[in-house]
Amino acid sequence: MNIKLDTRNALRYSFIATTILSTIACQHDTQNIGQNTTPTESVPLVVNSKQAMDLINFNSQSNNIIKPVAAQTSISDGKLRVAFNSKDNNYSGVSFVPEKAWDWSDLNDFNLAFDIVNTSNHSVQLYLDISDIDGFTYTRTVNVPVGDNIQTYYAKMAGHDLGVMDSDHKVELNFTSGLRSNPDTWQSNEHQFTSMWGKKNLNTAGIAKISLSVQSNLHDKSIDISRVQIRQNPKFDPLFLTDIVDQYGQNKKQDFIGKVHNDLELEQQRVDEAKTFTGKVAEDRSRYGGWLSGPKLTATGFFRTEKVNGKWSLVDPDGYLYLATGIDIIRLSNSSTLTGYDFKQAYIIQPPKDNVTPEDSQKLNRVSDEAIASRFIASDTRTNMFSWLPDYDAPLGKHFGYRRSAHSGPLKHGETFSFYSANLERKYGQQAEGYMQAWEDTTVNRMLDWGFTSLGNWTDPRYYDNNKIPYFANGWIIGNYKTVSSGDDFWAPMPDVFDPEFEKRAYATAKVIYDEVKGNPWCVGIFVDNEKSFGRSDSTESRYGIVVNTLTKNGAEVPTKAEFTRLMKQKYVDINKLNQAWNKSITDWAEFDSGIDSSINNSEQINDYGLLLTAYADKYFSTVNKAVKHYMPNHLYLGSRFPDWGMPREVVNASAKHVDVISFNSYKEGLTKKSWAFLQEIDMPSIIGEFHIGAKDSGLYHPGLILASDQQDRAVMYKDYMKSVIDNPYFVGAHWFQYIDSPITGRAYDGENYNVGFVSVTDTPYPYMVEAAKAINKEMYQQRFKEK
């Protein structure tokens, strides 16, 4: 595709009186571009011709800079038309790649803007990847709604809240505020791309590629781009993070449907909703939620799996076909946010060494009175976000807590507050049974009324004996075992699974789960751990990162390395044969075991790395399975919930030998046939442990990983995702993540501030989502098992 790039050498454009834009091409070649991913978001602005410059002119055709991938492009009427072949391709996009990288080094406060209209029948989640000559990429995303109106979508390139980040940070998740996505730093009727991940402050002296794409779509999508501009940022609002949260934990500066304004509205919502509850499972359902009209299979008294007419299914304790639909995080543990206050660390009680529960899975953990007396401001930015917090001795002061560690963000520890928990007391506090029991009863009634068949992962164990709806139990293997690294340990380093201490901790975890479950047949199964960094798909090195990094270690100190040495010595016997195969010059096996240069040279080495990764994964899953079955032989072991960014085939295949159901977390628009075709080879029942879809019309600043245009579109996309699960013969269910919206100021552990709840921070259900769930759950058995 031919198109003219407006980069006239030496010609300068005036942004405003003191700002000059240089469009002189950079001296670096675009062949040095690195690959990476994902997005940033927000709102509006109007600029005049002195503040903006057209970067690409779609009215003329000369330079061949448009690079489509699995897409068709054409130019007509001054627009670039992009038809994404997204139904049949997991990635479909278009890139703008200049012959010489763009040099915007003269600018220090500017944004990149696109005028776009959606010309398809479904909303379009666009990923914007901007890459520089140093190999870094910043990924952001936005949803373009269906409609004829051209709208402007912008991404800040420099200035405002991008701040100054550590130049070594290749993947930045949070802003310096501690939020995954901030409020807009100026007001307008435009839409900011939502921040996802990558390096926020790119090298603007050399922008080598700009890409727009759609990924893992269930439908073909298309857009028209009528303008691409570089623009001066409007005046910065210094109060953009001040007083943004009201007394209910909602957006104080924005009105939206469902916003609560006083306690009377909370009470009325409780009364009105209670009138709709029946407390019973839906018609044509067994007591466990199985399909009464389906075939009656062998009843074992516990949940199990069986393949029926070529489709995998769970079977409930009474012998009925069962699909697991439900919601994760039905608990208060992730409902708190960091307030910006902290206490003297001498007063903070540290966790016991034999602890088996990570802090972000624990309750609010209020500090002692002695600690409260030492309270101080640790972050003015954070404390200024809240227009209200209670006093510690006030009735709602009980909802303060403490976080001794955080995964990401500017504060490593500090005071927390749960607005959701406080709202539960406001809403249910007058009930005779107490607000927590009233909340539990309401939640169980909701799940039954909405047609869900289970409570998903990370449900508070207080729900385990409700005996009205099945549940999934969970545990974590934590302790003082040795660790290894994948080179990209997203949540934490990986366990050294050959360290005997790992097996001891696995048994300790299984015992805790056993004590919580107590042999209850309403427990479908057990997840252990979550989204382990077994390896990424970015490159061969990252896929085999555990092997690459462990081979450099000393086997005398790292048990997994000692096992890798044993396996390679067993295969090759003679070190010279390994040297020949790997193109290495290792003196002997002693040198191999003490640590080697593990860089990859050839395919034979890759094959061996696959064998070693398989051995590692086999040890991990066999160890956990042995511990789980020791205590709970009648319950299903459901694996560790592979993230779609970390599921090397060797590891998935190894897990299949030891788990009863393979679990995956897949944040996409749905399960495309191409992505999941590998399950044919494994032929195992599988389950989606997490997925979600969010929007920006609920007052939150970040929609989540998958974006809808509004709450109604969110419900449509939810139904599409669930239909893709139900229609896949290997999947036996899916759990939505999560029950409650993230706090608007980010959950305490990692700053996620997503609109991904079925209920808001005020415990108010999202009606479109509720109706979508009812519709899916009502027809799912007929859709999956009845003859077409």
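Residues numbered from 1 in each chain as written. Predicted model: local features only at pLDDT ≥ 70, side-chain atom pairs only at ≥ 80, totals over all residues. Heavy atoms only, no water.

Q: Explain the sheet that holds strand β21 (residues 337-338) here, please?
A: Pairing between the strands of a sheet comes from backbone hydrogen bonds, and it takes one of two forms, parallel or antiparallel. Spatially, 3 strands are ordered β21-β25-β24 in an open sheet, and the strand pairing comes out antiparallel. Edge positions in the sheet fall to β21 and β24 (400-403), since each has one partner strand and no second. In this sheet, strand β25 (residues 414-417) lies alongside β24 in antiparallel orientation, the contact comprising 4 bridges. In the sheet register, G401 faces β25, and the bridge partner there is T416. (Pairing = 2+ DSSP bridges. Helix = DSSP H or I, 4+ residues; strand = E, 2+ residues; numbered from the N terminus.)

Q: Teacher, can you tell me more about the packing of aromatic side chains here?
A: In this description, an aromatic ring pair is defined by two values, namely the gap between the centres and the angle between the planes. A full pass over the atoms with the stated rule returns 54 aromatic pairs. Both rings, one in F691 and one in Y718, keep their centres 6.0 Å apart while their planes meet at 15°; by these two values the pair is stacked. Linking F691 in the loop between β34 (686-690) and α15 (711-726) with Y718 in helix α15, this pair joins segments that are 27 residues apart in sequence. Looking at F691, the relative accessible area reads 1%, which means it is buried. Taking the relative accessible area as the measure of exposure, Y718 reaches 1% and is therefore buried. (Phe/Tyr/Trp six-rings, centres within 6.5 Å; stacked < 30°, edge-to-face > 60°. Buried < 20%, exposed > 50% of the residue type's maximum accessible area, 1.4 Å probe, protein only.)

Q: Help me understand helix α13 (residues 649-656), please; the structure alone is not making it clear to me.
A: Turn by turn, an α-helix covers 3.6 residues, leaving residues three or four places apart pointing in a common direction. With 6 of its 8 residues buried, α13 lies for the most part within the structure. On its buried face, α13 is in contact with α7 (540-543), α12 (603-631), β32 (642-643), β33 (662-665) and α14 (679-682). (Contact = heavy atoms within 4.5 Å.)

Q: Mind showing me how you'd approach the pattern of salt bridges here?
A: Any two side chains of opposite charge can pair, given that their charged atoms come close. One pass over the full model with this rule turns up 34 salt bridges. Residue R270 pairs with E267 through a salt bridge whose shortest N-O separation is 2.6 Å. Taken together, the positions of R270 and E267, both in helix α1 (residues 263-274) and 3 residues apart, correspond to about one turn of that helix. R641 is paired through a salt bridge with E690; the nearest N and O atoms lie 2.4 Å apart. In this pair, R641 sits in the loop between β31 (636-637) and β32 while E690 sits in strand β34, placing the two residues 49 residues apart along the sequence. Taking the relative accessible area as the measure of exposure, R641 reaches 0% and is therefore buried. Through salt bridges with shared partners, a single ionic network connects R180, R747, D750 and E752. (Salt bridge = Lys/Arg side-chain N within 4 Å of Asp/Glu carboxyl O.)

Q: I would appreciate a short explanation of the side chain of N625 in the present structure.
A: Within the secondary structure, N625 is located in helix α12. For N625, the contacting residues outside a window of four places in its chain are Y637 and H658.

Q: What is the right way to read the pairing of strand β17 (residues 304-308) from this model?
A: The side chains of a regular strand alternate between the sheet's two faces. Bridging between β17 and strand β18 (residues 311-315) involves 5 bridges; their strand directions are antiparallel. The residue of β18 that forms the bridge with T305 is L314. Linking β17 back to β18 in an antiparallel pair, the connection comprises 2 residues, with N309 at a positive phi of about 50°.

Q: Help me understand the environment of F527 in this model?
A: Inspection of the secondary structure puts F527 in strand β30 (residues 523-528). In sequence terms F527 and A473 are 54 residues apart; their C-alpha atoms lie 6.4 Å from each other. Beyond its immediate chain neighbours, meaning those up to four positions away, F527 contacts N457, F472, A473, N474, G475, L638, G639, R641, S663 and I687.

Q: Help me out: how do you make sense of the pairing of strand β6 (residues 71-76) in this one?
A: Burial along β6 is one-sided: A71, T73 and I75 are buried, while Q72, S74 and S76, pointing the other way, are not. Pairing between β6 and strand β7 (residues 79-84): 6 bridges, direction antiparallel. If you follow Q72 over to β7, its bridge partner there is A83. The turn linking β6 back onto β7 is made up of 2 residues, and D77 within it adopts a positive phi angle of 55°.

Q: Help me understand the sheet that holds strand β8 (residues 91-96), please; the structure alone is not making it clear to me.
A: Here 6 strands make up an open sheet; going across it, the order is β5-β8-β15-β10-β11-β14 and the pairing antiparallel. In the strand order of this sheet, the two ends are held by β5 (66-69) and β14 (194-198), each with one partner. For this sheet, the mean inter-axis angle between neighbouring strands, taken without regard to orientation, is 20°. Looking at chain direction, strand β10 (residues 124-132) and strand β11 (residues 137-144) are connected through 8 bridges and run antiparallel. Residue pairing for β11: V124 is matched across the bridge by V144. (Axes fitted to C-alpha atoms, helices over the stretch in contact; angles between N-to-C directions.)

Q: What exactly am I supposed to notice about the confidence of the model for the protein chain here?
A: Note that predicted coordinates carrying low pLDDT should not be read in detail. Mean pLDDT over the protein chain stands at 91; residues scoring 70 or higher make up 92%. Throughout residues 1-50 the model reports pLDDT below 50, and contacts reaching past four residues in sequence, or to other chains, amount to 200 contacts. Considering only residues more than four positions removed or in separate chains, one finds that residues 165-170, a stretch of pLDDT under 50, has 11 contacts. (pLDDT = per-residue confidence, 0-100.)

Q: Explain the packing of helix α6 (residues 500-517) against α12 here, please?
A: For any two helices packed against each other, the geometry is given by the interaxial angle and the distance between the axes. In the contact formed by α6 and α12, the axes pass within 8 Å of each other and the chain directions differ by 35°. Once α6 is placed against α12, the crossing between them reads as right-handed. Of the residues in α12, those touching α6 at F502, E503, A506, Y507, A510, K511 and Y514 are Y620, T623, V624, K626, A627, V628, H630 and Y631. Class assignment for the residues of the contact of α6 with α12 results in 10 nonpolar, 2 polar and 3 charged. (Left-handed = near helix turned anticlockwise from the far one by under 90°. Nonpolar A, V, L, I, M, F, W, Y, C, P; charged D, E, K, R; others polar.)

Q: Mind showing me how you'd approach the packing of α12 against α13 here?
A: One way to put it is that α12 packs onto α13 with a least axis distance of 8 Å and a crossing angle of 40°. Handedness of the crossing formed by α12 with α13: right-handed. Note on element contacts: α13 touches α12 through E650, V651, A654 and S655, opposite G610, L613, T614, A617, D618 and F621.

Q: Looking at this model, I keep getting lost on the side chain of S533. Mind explaining?
A: Summarising the element assignment, S533 is placed in the loop between β30 and α7. Only 3.4 Å separates the side chain of S533 from the backbone oxygen of D488, close enough to count as a polar contact. In this structure S533 touches S486, D488, D489, F490, W491, M494, I546 and W645, once residues within four positions along its chain are discounted. (Polar contact = N/O pair within 3.5 Å; in protein donor to acceptor, adjacent residues only side chain to side chain.)

Q: Teacher, can you tell me more about the nonpolar core here?
A: Here is a general trend for soluble globular proteins: nonpolar side chains tend to be buried in one another's company. If you look at the biggest cluster of nonpolar residues, it comprises 164 residues, and the most contacted ones within it are W439, W582, F592, F664, Y718 and Y739. Not counting chain neighbours up to four residues away, the residues in contact with W439 comprise I330, R331, L332, Y420, L424, Y428, Y463, Y739 and D763. Listed in part, the 44 residues of the second largest apolar core include F58, L107, V124 and V214. (Core = buried A, V, L, I, M, F, W, Y, C linked by side-chain atoms within 4.5 Å.)

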